[in-house]
Amino acid sequence: VIVSAPDYDSLQIIHTARRLYQRRGLQAAEKQELSRRFAEGYKMLMLMTKGEPPEAWQDLQRRLVFYQRELRELGIRDYQVSGLDREKITPVEASEGDEILKEIRLPYQIVHLMIVLALAAIPTLFLNLPVGVLAGLYSEKRRKKALANSKVKVRGFDVMMTEKIVF
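So, a few notes on the structure that sits alongside this text.

The next point concerns the side chain of Asp78. Mapped onto the elements of the fold, Asp78 is located in the loop between α3 (55-74) and α4 (92-149). Note on Asp78: relative accessible area 15%, which makes it buried. Within the structure, Asp78 has its side chain in polar contact with the side chain of Arg19 (distance 2.7 Å). At 2.4 Å, the side chain of Asp78 and the side chain of Tyr67 are in polar contact. With sequence-adjacent residues up to four places away left out, Asp78 is seen in contact with Thr16, Arg19, Leu20, Tyr67 and Leu71.

Here's what the structure looks like:
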């Protein structure tokens, strides 16, 4: 469903107002209908007032723009605001433990990453090591043979690399 608005800023205000107005548990079709109605109401207000909305509407619009800016500065989305009140506020004694956990977080993540990488490397090592060893032995044998048959080759690394690729 396309919701038309005069400009992008107006569309953002319409969407923000709709998200603040709506209750939880709306279906997608209901949200789209609500957005459409908000846009139609906005257009009607602008037509009725000939582009000069009442002071109360301008105040509401300024507050919505401020709300959008504040969310952008905080780095959160509008839908995340409702979950902020569910965070538990801990007593002062518990916050000391939180500080320790914050300090341990980065080393823990690094160690965890290394363990995961090591576990992922084990199957790779067992599957690729035999092929690499065989390719090295085969290419070395072919290099020696090419050196023996040629009067121009000094080391024969070109033959060895070619054979490793072909193997």
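Moving on, there is more to tell.
The α-helix advances 3.6 residues per turn, and as a result positions three or four apart in sequence lie on the same side. Buried residues of helix α5 (residues 157-166): Val159, Met160 and Glu163, and no others. Take α5 and look down its axis: the buried residues cluster within an arc of 100°, on one side only.

Bringing helix α2 (residues 28-48) into the picture now. If you check α2, its first and last C-alpha atoms are 30 Å apart, about what 21 residues at 1.5 Å a residue would give, namely 30 Å. Among all positions in α2, only Leu34, Ser35, Ala39, Tyr42 and Met46 are buried. Considered in projection along α2, the buried side chains sweep an arc of 135° and stay on one side of the axis. In α2, the exposed positions angled more than 90 degrees off the buried face are occupied by Ala29, Arg37, Leu47 and Met48. Once α2 ends, the next one or two residues include Lys50, with phi positive near 55°.

With that settled, consider the packing of aromatic side chains. Applying the stated criterion to the full structure yields two aromatic pairs. Aromatic pair Tyr21 and Phe38: ring centres 5.6 Å apart, planes at 65°, arrangement edge-to-face. Of this pair, Tyr21 sits in helix α1 (residues 8-21) while Phe38 is found in helix α2, placing the two residues 17 residues apart along the sequence. Look at Tyr21 and you get exposed, because its relative accessible area is 60%. Phe38 gets classed as partly exposed once you look at its relative accessible area, which sits at 24%. Ring plane angle 55° and centroid distance 5.8 Å describe the contact between Tyr42 and Trp57, whose orientation is recorded as tilted. You can see Tyr42 sitting in helix α2 and its partner Trp57 sitting in helix α3, a full 15 residues away along the chain.

One way to put it is that α1 packs onto α2 with a least axis distance of 9 Å and a crossing angle of 125°. When the axes of α1 and α2 are compared, the pair comes out oblique. α1 and α2 meet at a crossing whose hand is right-handed. Residues Ser10, Ile14, His15, Ala17, Arg18 and Tyr21 of α1 touch α2, and the partners they reach there are Lys31, Leu34, Ser35, Phe38, Ala39 and Tyr42. Of the residues contributing to the contact of α1 with α2, the split by class is seven nonpolar, three polar and two charged.

Reading the values: the criteria
- Residues numbered from 1 in each chain as written.
- Predicted model: local features only at pLDDT ≥ 70, side-chain atom pairs only at ≥ 80, totals over all residues.
- Heavy atoms only, no water.
- Helix = DSSP H or I, 4+ residues; strand = E, 2+ residues; numbered from the N terminus.
- Buried < 20%, exposed > 50% of the residue type's maximum accessible area, 1.4 Å probe, protein only.
- Polar contact = N/O pair within 3.5 Å; in protein donor to acceptor, adjacent residues only side chain to side chain.
- Contact = heavy atoms within 4.5 Å.
- Arc of directions from axis to C-beta.
- Expected span 1.5 Å × (residues − 1).
- Phe/Tyr/Trp six-rings, centres within 6.5 Å; stacked < 30°, edge-to-face > 60°.
- Axes fitted to C-alpha atoms, helices over the stretch in contact; angles between N-to-C directions.
- Parallel < 35°, antiparallel > 145°, perpendicular 65-115°, else oblique.
- Left-handed = near helix turned anticlockwise from the far one by under 90°.
- Nonpolar A, V, L, I, M, F, W, Y, C, P; charged D, E, K, R; others polar.

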